[in-house]
Amino acid sequence: MASVHESLYFNPMMTNGVVHANVFGIKDWVSPYKISVLALLYEMTSSKITLPERRRLNKLILPLQQGPDLSLGQFLKTVEECCPKTAYAVKLRLHEMADGELKDMEYFFSTLPTPFTAFDSEAYKTSVVGLFMRHMLLAYNKLSFSQVYKLYKSLQHYYHSHYAKPTDGQVCVPTLAADDSDMDLTSTEDTVGDRADKEELDTPLHESELRCDNTPSRGPLSQKQAEYFLSRQAYLLKNDENKALRPAALQEELNNMLKFNPDFAEAHYLNYLNSMRVQDIFLSAHSLLHYFDRLILSSNEGKSNGDEGYGRSLRYAALNLASLHCRFGHYQQADLALQEAIRIAQESNDHVCLQHCLSWLYTLEHMKGSESTVLTQDSVKMAAHFCLPYLGSLDIQSLVQQGAMQGKAAHKLMDALKDTEILHWKHSLSELIEISLAQTTSIWRMYGKSTMALQQAQLLLNMSSLEPVNFGVHQNNTEAFAVALCHLAELHAEQGLYSATAEIFQHLKEQFPPHTQHSKLWMLCNLKIQFERHMNNRKYHLAEPLVKAMSALNKTEGLYRKAQVLKALNRSTEAYSILQQLQVHCEKTKCTEIIIRVMLSTAELHWESSSFSTALPLLLQALALARQHHLQSLASEGVLHLAFTQLMLGIPGQALTVLHEAMEPILAHGAVIDKGRAMLLAARCHMAVAGFRLKEQGHLGQHSAALAVDGLNEAESYFSRLSCKERLRDVHYLQAQLHRSLGQTAQSNKSAMNFRLLDQELQSPAPPVFMQL
């Protein structure tokens, strides 16, 4: 479930993941790469292209214009994927200029369509193509003869370097020398003094300053290219981290950019986001502080807004620092930073910032384990008062999450979520719609309503996003989608559909690779499914290595699974010690689900020593706790344990009565393994009620015998779906004994043969049938 502190992250300089860059002082240059783009646009306007190819090329125009300069090989390959005929024409056009003379390049520029007269083509003056052509023509016409000659030589080098190393996909892109600042559009009008100021403030990002020595060059970055790069990476980090640059590659790009211009505030902020991906606390804090330092000194905040802009930056700097420490669990430092933000916001009478501080305050209290319901309710009221629907909705979702953990009834929580959904759709808050659906899925899963959880997960995965899908992003790969897919995988695994589960995890692995921040969700989910599968098949030697991997992702889950393995290996003393430690820890953290599971496991330890009467108080306490918190699946599990204990104490009639209470929810929402266990236990109870004993050949009543036979047959079908051979062996053993007592020799021999075949295949001693649930 998406946590509130992650969704509440606020940056005043970002809107929808797009960085609003300050004046970076980078001007557009005439470069060989841009001549290649110009040649592409010329061929698009002058030649006949099929409609599908034209559509694909139109999608390329803006990325090629605004993105970093590409090598000729990369450029031609990109165009060829859309339209091979046009790529070949562009290659011929560049060949004519590069292998010809200077007059050939002059002729190319002279034949370009005039944007003011090309009314019927893409080159019209108000179109993207027309604006780019106008810009290039103006820039080219302002060049002196010596600059035109340098541009021509650079074009020759750009073209021939591609064919000099045909196997190298990324060759160096020649650019103009850094001292040719007079190629700027406005530099011909500058005086010497003005030119000196421009060289200090508006020096372009040159290729040699954007790469390390071992990195291929890609040409200069203009102001628009820098803004495009930052906004694109910020958007992808928010919506589809898998398609963003890898952390190391993005870090290298940002380091090279900051090496040239250390005061580029937005680059520092993107560096902060990138550092958070790899949990680098030092670099993330360093980048965040540098971002606000540069923001305060920049003209956008400090100069244009005066003291107000300066104070605003300080407020949000402290607030963002508090959120950073929250994410890393540094609660004392987070509290100090939050108090500082509150103090500055109160001095400035900034109610919006104070509302953000209040939201973070209850989040911090909740993370520290304190009661924060009152603070959350106050935050909801204040958000409604100041018309902040985003924060108000997050506060309500946090209240719902707290209510679920405190055992509130499901209908009350769903009513509260219904109110937030009205806000989401009214204000088109697509991110919160996703979080709300993922949270609803998690709540239904926790309450044991698998059908409702499946419905909500499918609703989220099939929902069309309200957010504009840019940069080729077709699905927002956020935490909400990861949570929904993990629930979907668990639901399929519970029904024995392991091939479908493997496909879901393959999709998760592709969308959330191991280096991404949400990959831990599906990693832990996958380990839990594998562990449960091995434990159900009693392959403890395969389940034991998974415990360490789970402990690395979630210490509590790893500790609980370790106790389960130890119990299965008959190391009862060690298992009991771990369970007691785990129960104390979970009582402090108020993790009700683990507390109930620990009680059930402790009762199973008492079974091993035949202390069934000692296990009864624990089971009754666990059952009461599960019903108090409306945890239907755990309550059904508790009923199964209670019925088994009563069967072992010699009161099978009472055990059947208790078991009937849990049979309906288990068959409706339970896992296949639980259905099989429930039917097997019911069959054993019917056999015990009829006075059947394994060592006796007594006569069974017809009704009880029929129920016992049906129960064993149904249990066999469930265990067969999961390939639980150990449990199938137990079922066949009981079937053989039951049919023999009924005088059904053929069926008895068939069950005995199946038991013998499985026993030879497993080659392991079978545990006592009547001591296993």
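Higher on the page you've got the structure.
Residues numbered from 1 in each chain as written. Predicted model: local features only at pLDDT ≥ 70, side-chain atom pairs only at ≥ 80, totals over all residues. Heavy atoms only, no water.

### Digging into the pattern of salt bridges
Counted by the stated rule, this structure contains 20 salt bridges. The closest approach of N and O atoms between Lys567 and Glu604, which form a salt bridge, is 2.7 Å. Placement of the pair is Lys567 in helix α27 (residues 555-568) and Glu604 in helix α29 (residues 592-608), with a sequence separation of 37 residues. The two residues Lys567 and Glu604 agree in class, both being buried. Through salt bridges with shared partners, one network takes in Arg538, Glu726, Arg729, Asp730 and Asp759. (Salt bridge = Lys/Arg side-chain N within 4 Å of Asp/Glu carboxyl O. Helix = DSSP H or I, 4+ residues; strand = E, 2+ residues; numbered from the N terminus. Buried < 20%, exposed > 50% of the residue type's maximum accessible area, 1.4 Å probe, protein only.)

### Thoughts on the packing of aromatic side chains
Counted under the stated rule, the structure contains nine aromatic pairs. Here Phe108 and Phe109 contribute two aromatic rings whose centre-to-centre distance is 5.6 Å and whose plane-to-plane angle is 75°, an arrangement assigned as edge-to-face. Accessibility expressed as a relative area gives 1% for Phe108, which makes it buried. Judged by relative accessible area, which is 5%, Phe109 ranks as buried. Ring centres of Phe109 and Tyr140 lie 3.8 Å apart, and the angle between their planes is 0°; on these two criteria the pair is classed as stacked. Placement of the pair is Phe109 in helix α6 (residues 102-110) and Tyr140 in helix α7 (residues 128-141), with a sequence separation of 31 residues. The rings of Tyr42, Phe108, Phe109 and Tyr140 are connected pair by pair, giving a single aromatic cluster. (Phe/Tyr/Trp six-rings, centres within 6.5 Å; stacked < 30°, edge-to-face > 60°.)

### A short note on the nonpolar core
In summary, soluble globular proteins display a tendency toward joint burial of nonpolar side chains. Counting 105 residues, the largest nonpolar core has Ile443, Tyr447, Leu460, Leu508, Ile596, Leu681 and Phe719 as the members making the most contacts within it. Aside from chain neighbours lying at most four places away, what touches Leu681 is Leu640, Ala643, Phe644, Leu647, Leu659 and Leu773. The next biggest cluster of nonpolar side chains, apart from the first, holds 45 residues, and it includes Ile61, Val79, Leu155 and Tyr158. (Core = buried A, V, L, I, M, F, W, Y, C linked by side-chain atoms within 4.5 Å. Contact = heavy atoms within 4.5 Å.)

### Observations concerning the packing of α29 against helix α30 (residues 612-628)
At a minimum axis separation of 8 Å, α29 and α30 run at an interaxial angle of 165°. In this view, α29 runs roughly antiparallel relative to α30, as classed from their interaxial angle. Where α29 crosses over α30, the two elements pack in a sense that is left-handed. Between α29 and α30, the contacting residues are Thr592, Ile595, Ile596, Met599, Leu600, Thr602, Ala603, His606 and Trp607 on the first element and Phe612, Thr614, Ala615, Leu618, Leu619, Gln621, Ala622, Leu625 and Ala626 on the second. (Axes fitted to C-alpha atoms, helices over the stretch in contact; angles between N-to-C directions. Parallel < 35°, antiparallel > 145°, perpendicular 65-115°, else oblique. Left-handed = near helix turned anticlockwise from the far one by under 90°.)

### Some remarks on helix α18 (residues 373-385)
Helix length check: α18 (13 residues) gives 19 Å between terminal C-alpha atoms against 18 Å at 1.5 Å per residue, within 8%. The complete set of buried residues in α18 reads Thr373, Thr376, Ser379, Val380 and Ala383. Buried residues along α18 cover an arc of 115° about the axis, so they all sit on one side. Among the exposed residues of α18, those oriented more than 90 degrees off its buried face are Val374, Lys381 and His385. At the C-terminal side of α18, Cys387 shows a positive phi close to 55°. (Expected span 1.5 Å × (residues − 1). Arc of directions from axis to C-beta.)

### Thoughts on α6
Taken together, the buried positions of α6 are Leu102, Met105, Phe108 and Phe109. An end-on view of α6 places all buried positions within 120° of arc, on one side of the element. Among the exposed residues of α6, those oriented more than 90 degrees off its buried face are Lys103, Tyr107 and Ser110.

### A word on the side chain of Gln147
Within the element layout of this structure, Gln147 appears in helix α8 (residues 145-164). By relative accessible area, Gln147 is classed as buried at 4%. Looking at Gln147, its side chain comes within polar contact range of the main-chain nitrogen of Ser144, at 2.9 Å. (Polar contact = N/O pair within 3.5 Å; in protein donor to acceptor, adjacent residues only side chain to side chain.)

### Focus: the packing of helix α25 (residues 519-536) against helix α26 (residues 540-553)
Relative orientation and spacing of two packed helices are given, respectively, by the angle between their axes and the distance between those axes. Closest axis-to-axis distance for the α25/α26 pair is 9 Å, and the angle between their directions is 155°. Judged by the angle between their axes, α25 and α26 are roughly antiparallel. The crossing of α25 and α26 is left-handed. Residues Lys520, Met523, Leu524, Leu527, Lys528, Gln530, Phe531, His534 and Met535 of α25 lie in contact with α26, whose contacting residues are Tyr540, Leu542, Ala543, Leu546, Val547, Ala549, Met550 and Leu553. Looking at side-chain class alone, the contact of α25 with α26 contains 13 nonpolar, two polar and two charged residues. (Nonpolar A, V, L, I, M, F, W, Y, C, P; charged D, E, K, R; others polar.)

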